[in-house]
Amino acid sequence: MTRRVAFLVFDGVTLLDVSGPLEVFHQAGRLGHPYRTALVSPDGGTVTASNGVALADTAAPRDSREPLDTLVVAGADHLAARGPDAHLLAAAERLAGPARRVASVCSGAFVLAALGLLDGRRATTHWRHAPTLALRHPGVLLEPDALHVQDGRYHTSAGISAGIDLALALVEHDHGAETARTIARELVVFMQRPGGQSQFSTALATPAARGDLLRTLTDAVLADPGADHSLPAMAATAAVSTRHLTRLFQAELHTTPARWVERVRLDRARQLLLDGHSITAAARLSGLGSDETLRRAFARRLGTTPTEYRNRFTTTIGPGAQAGETPEHLPSRAPENLPTRAPDRLPATNA
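Residues numbered from 1 in each chain as written. Predicted model: local features only at pLDDT ≥ 70, side-chain atom pairs only at ≥ 80, totals over all residues. Heavy atoms only, no water.

**Section: the overall build of the protein**
Right, on to step 1. The secondary structure content of the protein amounts to 14 helices and ten strands.
Right, on to step 2. Of all 351 residues assigned to the protein, the portion counted as buried reaches 44%.
Right, on to step 3. A fraction of 67% describes how many contacts in the protein between residues 6 or more apart in sequence connect residues 24 or more apart.
Right, on to step 4. Carbon and sulfur atoms form 53% of the exposed surface of the protein, whose accessible area is close to 17,300 Å². (Helix = DSSP H or I, 4+ residues; strand = E, 2+ residues; numbered from the N terminus. Buried < 20%, exposed > 50% of the residue type's maximum accessible area, 1.4 Å probe, protein only. Contact = heavy atoms within 4.5 Å. Areas by Shrake-Rupley, 256 points an atom, 1.4 Å probe, with all protein chains shown as cover.)

Written out as structure tokens, the structure reads:
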């Protein structure tokens, strides 16, 4: 059976949101599981992606005559910045209605949320846009660390390349894990990437304190995470009781003092690792103290280990491929056993 998949695109769309999942469905067809894919835009014709590439001859929603199996709504920065326009929403609503399942990549979730399709449902989006989605659409049960989420017939994914993870999951639903595994090997990607998307974030994901007292205190923690920032020490600095300080953190930052300080220290530890510090030094300088405390914080909040994080994000140059080497010096044969699933790991928690 050939399944028909439509990608909803528009001016300013992120090209990889489209081309990544498209390639997954193309590879499935090569394995004998055909998908008939089409690009659909609100008015049809040519649309221009954010990087300037033109997507020509897109169809209009009114031209759709065949039953649609899957709708994939691609993303773009402007969907989060100013929201989807009425024209795009009308096109999405028309296509989503009869589809067996509806998916979004990155900020495409803003389109589904604006239509009310995600109210009361679990969903995700790019980590950078997650606070905006939560604020604008409080009815969505947001999972900001997930790479992709399914709730009923709705599938949402994190930013950009996570569209590949989403498409692999859709193919696995349709044709089984072995088909998806074969495609993952061909594309040289993981079936299930280690860790959640929080490991890609470069900014402390917490709102600024509103009051002067708490803002002064949090600025001091950010300036020197390694100092003594126990609850009694911070309360003494702020000249308030520990109970009152805890209430301020809950009211303004929606967390406890200890959890907030740990997030600051983890953010500093991540940067120290990328700057070349050892795990022991990163733990000490960030204020987390010991290697074991650092490992626990990484496992709990990022779903990975300090060593894995450093290996993934320190450099693009792998072993045996040092800067300045020419292609002749690189290995000529791909490894026979490409990993296709993440190693077992501790689940991340939303502390």
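Having seen the structure, we can now continue with the description.
**Things to note about the pattern of salt bridges**
Right, on to step 1. Considering all chains together, one arrives at 17 salt bridges under this definition.
Right, on to step 2. Of the charged contacts, one joins R100 and D69 as a salt bridge, the two residues approaching to 2.6 Å between their closest N and O atoms. You can see R100 sitting in the loop between α3 (86–96) and β6 (101–104) and its partner D69 sitting in the loop between β4 (54–58) and β5 (70–73), a full 31 residues away along the chain.
Right, on to step 3. Residue R100 is classed as partly exposed on the basis of its relative accessible area of 40%.
Right, on to step 4. Taking the shortest distance from any N to any O, the salt bridge between D69 and R101 comes out at 3.9 Å. (Salt bridge = Lys/Arg side-chain N within 4 Å of Asp/Glu carboxyl O.)

**A few points about the sheet that holds strand β1 (residues 3–8)**
Right, on to step 1. Pairing in this open sheet of six strands is mixed, and the strands run β2-β1-β5-β6-β10-β9 from one edge to the other. Of all strands in the sheet, those bounded by a partner on one side alone are β2 (35–40) and β9 (148–151). Recorded for the sheet is a direction-independent mean angle of 15 degrees between the axes of neighbouring strands.
Right, on to step 2. Alignment of β6 against strand β10 (residues 154–157), held across three bridges, turns out to be parallel. Looking at the pairing, S104 lines up with T156 of β10.
Right, on to step 3. The strands touched by α3 are β1, β2, β5 and β6; relative to β1, the strand with the most contacts, the crossing angle is about 170 degrees.
Right, on to step 4. Of the strands in this sheet, β1, β2, β5, β6, β9 and β10 are in contact with helix α6 (residues 162–175), which crosses β10 at around 150 degrees. (Pairing = 2+ DSSP bridges. Axes fitted to C-alpha atoms, helices over the stretch in contact; angles between N-to-C directions.)

**Re the packing of aromatic side chains**
Right, on to step 1. Counted under the stated rule, the structure contains four aromatic pairs.
Right, on to step 2. Where F298 meets Y309, the ring centres are 5.7 Å apart and the plane angle is 70 degrees; that geometry is what we call edge-to-face. In this pair, F298 sits in helix α13 (residues 291–302) while Y309 sits in helix α14 (residues 306–313), placing the two residues eleven residues apart along the sequence. Note on accessibility: F298 and Y309 belong to one class, buried. (Phe/Tyr/Trp six-rings, centres within 6.5 Å; stacked < 30°, edge-to-face > 60°.)

**A short note on empty space enclosed by the protein**
Right, on to step 1. Under the definition given, this model contains one cavity of 30 Å³ or more.
Right, on to step 2. Its volume calculated, the largest cavity comes out at about 30 Å³.
Right, on to step 3. Surrounding the largest cavity, P21, F25, V72, A103, G163, L166, A167 and L170 form its lining.
Right, on to step 4. At the level of secondary structure, the elements contributing two or more residues to the lining of the largest cavity comprise α1 (15–30) and α6.
Right, on to step 5. The greatest single-element share of the lining of the largest cavity, amounting to four residues, is contributed by α6. (1 Å grid on protein atoms, 1.4 Å probe; cavity = no way out; pocket = protein on both sides within 12 Å on 5 of 7 lines; lining within 4 Å. Points joined across faces, edges and corners; volume = space filled by probe spheres on them.)

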